[in-house]
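Residue-level structural notes
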Amino acid sequence: MGPNYRNDKACREFIDSIADNAKQTLAAEIFGAKDSGEIKTQLADIVELTSAAADGVLCALEAGITEVGLKDIESRKQKIVGCNFDGSSVNMGKHNGVATKLKQKLGHQIVPSHCVAHNLELAVLDAVGKNVKIRRFNETMNSIYWYYHISAKQRRGLHEIAEIFNEEAYHFSGVKQLRWIASKSGAVEAVQKNLTESQYAI
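Bear in mind the structure is a predicted one, so any value in this text is a computation, not a measurement.

Moving on, we get to helix α6 (residues 116-128). Counted at 1.5 Å a residue, the expected span for α6 with its 13 residues is 18 Å, and the 18 Å between its end C-alpha atoms agrees. Buried within α6 we find H118, E121, L125 and V128. Projected onto a plane normal to the axis of α6, the buried residues spread over an arc of 100° and lie on a single side. Set apart from the buried face of α6 by more than 90 degrees, the exposed residues are V116, L120, D126 and A127.

See the structure below:
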C-alpha cells in the first residue's frame, strides 16, 4: 500500500473511495437490468410439516419454493439471497437452524433476518408485561375464554340464548403470549358480540 496510507485518515479516505466506486458500479448494474425492478410478493405454498425440527421445516420450505419455479439447486443458488424467520432456535439457530442448513445446502452466503413483525410483537409483549392493568385485562379475557372453553354445557347455553334473540353466538378466544395484539383484538371483539347473551347465560 505504500507509506501514504499508513495512517487512519488516509486509510479512511482510501476505503471511502473504494466504497463509492463499488456503489456506482452496483447502481449502473441495477439501472441497466432488463427487469422493471418492481418488487413482487408471491405466496409459494402452505406445506404441512413432517417434523417440527429444522430438517422438517427445511424440507417443507424446499417443497414450497418448488411451486414458484425454484425446482433445482442451481436455480435456488441464483435466486435465493436471503430468508426471513421468527427468532426461534429451530429457524435461526447458529449451528443447526433452518437458515444455517439452507446456507450449507446452497453453498453460498445468504442473509437471514428475524421477522420485523415478530420482533415488534415481542417488544410490545415485553413492554406491557409489567403493567398491572394490562395483566388484569389478560386475566379477565382468559377467564371468560376458559369458562366457555372447558364446558360444553356453558357453550350450549350461550347458543340457545343467542337463538332466542335471533343472534349468532361467537367463539370466545383467549389472549395469547405470542400474537398478543391480534389475539387481544379477537378476544375483545368476541366479548362485545356475545355481551347480551353472556349476561343472560350467567
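Moving on, we come to the pattern of salt bridges. Throughout the structure, instances matching the rule amount to six salt bridges. In this structure, the salt-bridge partner of K101 is D55, at a minimum N-O distance of 3.3 Å. Highlighted residues: K101 in helix α5 (residues 98-106) and D55 in helix α2 (residues 54-66), separated in sequence by 46 residues. E189 is the salt-bridge partner of K193, the closest N and O atoms lying 2.9 Å from each other. Taken together, the positions of K193 and E189, both in helix α9 (residues 180-193) and four residues apart, correspond to about one turn of that helix. When salt bridges with common partners are traced through the structure, they connect E62, R76 and K105 into a single cluster.

Where nonpolar side chains cluster on the molecular surface, the patch consists of F14, I15 and I18 and spans about 270 Å² of accessible area. Relative to the helices and strands, I18 resides in helix α1 (residues 8-31).

This part is about the environment of G174. Inspection of the secondary structure puts G174 in the loop between α8 (152-164) and α9. Residues G174 and E139, 35 residues apart in the sequence, show an inter-C-alpha distance of 9.3 Å. Dropping the residues within four chain positions of it, G174 is found in contact with N142, Y145 and S183.

Another point: the environment of Y145. Following the sequence through the fold, Y145 ends up in helix α7 (residues 132-149). In this structure Y145 comes out as buried when scored by relative accessible area, which is 17%. Placed 42 residues apart in sequence, Y145 and A187 show a C-alpha to C-alpha distance of 8.1 Å. Y145 has contacts with F172, S173 and G174, leaving out every residue within four places of it along the chain.

The rules behind these values
Residues numbered from 1 in each chain as written. Predicted model: local features only at pLDDT ≥ 70, side-chain atom pairs only at ≥ 80, totals over all residues. Heavy atoms only, no water. Helix = DSSP H or I, 4+ residues; strand = E, 2+ residues; numbered from the N terminus. Expected span 1.5 Å × (residues − 1). Buried < 20%, exposed > 50% of the residue type's maximum accessible area, 1.4 Å probe, protein only. Arc of directions from axis to C-beta. Salt bridge = Lys/Arg side-chain N within 4 Å of Asp/Glu carboxyl O. Patch = residues over 30% accessible without salt bridge, like charges linked within 9 Å, V, L, I, M, F, W, Y side chains within 5 Å. Areas by Shrake-Rupley, 256 points an atom, 1.4 Å probe, with all protein chains shown as cover. Contact = heavy atoms within 4.5 Å.

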